[in-house]
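Take a look at the letters that make up each chain.
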Amino acid sequence: MIFEQVPIGPMQNFGYVIGDENSKEGAIVDPGWNADKLIGAAKHHRLTVKKIILTHAHFDHVKALQEVYEKTTAEIVLHEDEPYEPDFENSTVTRVKDNHIVKIGALKCRIVHTPGHTPGSICLLLGSKMITGDTLFVGGCGRVDLPGSNPQQMWTSLQKLRKMDDTLEIYPGHDYGETPSSTMEHEKKHNPFLASATKKEFFTSRL
Ligand SMILES: [Zn+2]
Ligand SMILES: [Zn+2]
């Protein structure tokens, strides 16, 4: 698997370039800023960008979507509950649900629906790696005080992630932690939001 974390924009965002080494089909995740940097990273890996996947549709994750779309004409993939309608000329938009498999060549990307930060927030499971958008950060979690946010749902989503394999590598939507990536095992031990065993604890630590 080709997998590159790309620092973009002024808000410590990470975009991602992923791809299948054999077919050279690729995808760009969260084109918030710096379309040329993301497309350049895909080119560097000799990938043809077939899909653009959005972990959610806040402006800092979609600001460069139109430019990336116009330069790649890739299919746009986002969750069915996300209140955002990409509307570019001739664009193909695929709405996904929990557990949906998005294929990038032979690479399989499983959608994990994790509402809370936004209704249609998703994490992307790629083998031993998971892109967690603004749901799970290294040492933190996404804001739940924004329009469309829901702290109760965030708690449920974090519990869902807690049940996942300790060896999973975590790749967040922002570089807010001590390190740009982490592991599920480390986050379960050190991330106060993931370690919260009870709702009460979560709500009082967050709000
Ligand atoms: Zn966000
Ligand atoms: Zn964000």
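Caption draft 1: How the structure looks around the overall build of the protein chain. Across its full length, the protein chain holds seven helices and 14 strands. In terms of overall dimensions, the protein chain is globule-like: its C-alpha atoms have a radius of gyration of 16 Å, near the 17 Å expected for 207 residues. Structurally, the protein chain occupies a C-alpha span of about 45 × 35 × 30 Å along its principal axes. Counting contacts in the protein chain only where the partners sit at least 6 residues apart, residues at least 24 apart contribute 56% of the total. Total accessible area on the protein chain is roughly 9,300 Å²; 49% of this is exposed by carbon and sulfur atoms. Taking the 23 positively charged and 27 negatively charged side chains of the protein chain as two groups, their mean positions are separated by 4 Å.

Caption draft 2: Expanded view of the nonpolar core. Ranked by internal contacts, the top residues of the largest apolar core, which has 25 residues, are Val17, Ile28, Ile52, Leu54, Leu65 and Ile76. Among the elements of the structure, β1 (2–8), α1 (35–44), β4 (48–53), α3 (65–72) and β5 (75–79) are those that each provide at least two residues to this core. When residues of this core are assigned to their parent elements, the largest contribution, five residues, is made by α1. With residues near it in sequence (within four places) discarded, Val17 still touches Ile2, Phe3, Glu4, Val6, Ala27, Ile28, Leu38, Ala41, Ala42, His45 and Leu47. If you look at the next biggest cluster of nonpolar residues, it comprises 19 residues, including Phe3, Ile18, Val29 and Ile111.

Caption draft 3: Quick peek at the sheet that holds strand β13 (residues 169–172). A sheet is described by the order of its strands in space; here six strands give the open sequence β7-β8-β9-β10-β13-β14, paired in mixed fashion. Each of the sheet's edge strands pairs with one partner strand only, and the pair in question is β7 (101–104) and β14 (182–183). Relative to β14, β13 runs antiparallel, the two being bridged by two bridges. What sits directly across from Ile170, in β14, is Ser182.

Caption draft 4: Inspection of the pattern of salt bridges at higher detail. Under the counting rule described, the total for this entry stands at nine salt bridges. The structure contains a network of salt bridges with shared partners spanning Asp36, Glu67 and Lys71.

Caption draft 5: Structural view of the coordination of the zinc ion (ligand 1). Taken together, His56 (NE2), His58 (ND1), His117 (NE2) and Asp134 (OD) make up the protein donors of the zinc ion (ligand 1), found 2.1 to 2.3 Å from the metal. One can describe the donor arrangement at the zinc ion (ligand 1) as irregular, given that its four donor atoms subtend angles of 89 to 170° at the metal. In the primary sequence, the donor residues of the zinc ion (ligand 1) line up as H-x1-H-x58-H-x16-D. The two metals, the zinc ion (ligand 1) and the zinc ion (ligand 2), are separated by 3.4 Å and share Asp134 as a common coordinating residue. On the criterion of sequence distance, the pair formed by His58 in the loop between β4 and α2 (59–62) and Asp134 in the loop between β10 (129–133) and β11 (136–137) is long-range, its members being 76 residues apart.

Rules used throughout
- For every chain, the first residue of the written sequence is number 1, and numbering continues from 1 along that sequence.
- Lettering of chains starts at A and numbering of ligands starts at 1, both following the order in which they are written.
- Thresholds applied to this predicted model are a pLDDT of at least 70 for local features of residues and 80 or more for the giving and counting of side-chain atom pairs; totals over whole chains, interfaces and linings are not thresholded and use all residues.
- Note that the side-chain values use all heavy atoms of the structure and ignore hydrogens as well as water.
- Strands are runs of DSSP state E lasting at least 2 residues, helices are runs of H or I lasting at least 4, and numbering of each runs from the N terminus.
- Both definitions apply: the radius of gyration is a C-alpha atom measure, and the globule rule equals 2.2 Å times residues to the power 0.38.
- The criterion used for residue contact is that any of the two residues' heavy atoms lie within 4.5 Å.
- The Shrake-Rupley method, run with a 1.4 Å probe sphere, supplies the accessible areas, and residue values consider only the shown protein chains as cover.
- Under the counting rule used here, the positive set is Lys and Arg, the negative set is Asp and Glu, and His together with the chain ends is not counted.
- Here the site of a charge means NZ on Lys, CZ on Arg, CG on Asp, or CD on Glu.
- We call a set of buried Ala, Val, Leu, Ile, Met, Phe, Trp, Tyr and Cys residues a nonpolar core when their side-chain atoms join them within 4.5 Å.
- For each residue, the accessible area found with a 1.4 Å probe, counting protein chains only, is set against the maximum for its type, and the residue is called buried under 20%, exposed over 50%, and partly exposed in between.
- When DSSP finds at least two bridges between two strands, those strands are taken to pair.
- Any Lys or Arg side-chain nitrogen found within 4 Å of a carboxyl oxygen on Asp or Glu counts as a salt bridge.
- We call an atom a donor if it is N, O or S and sits within 2.8 Å of the metal, or 3.2 Å for Na, K and Ca. Water is not counted, so some sites may look partial.
- Four donors are marked tetrahedral only if all angles between them lie between 85 and 135 degrees, whereas four are marked square planar and six octahedral if opposite donors are more than 155 degrees apart and the other angles lie between 65 and 115; the remainder are marked irregular.

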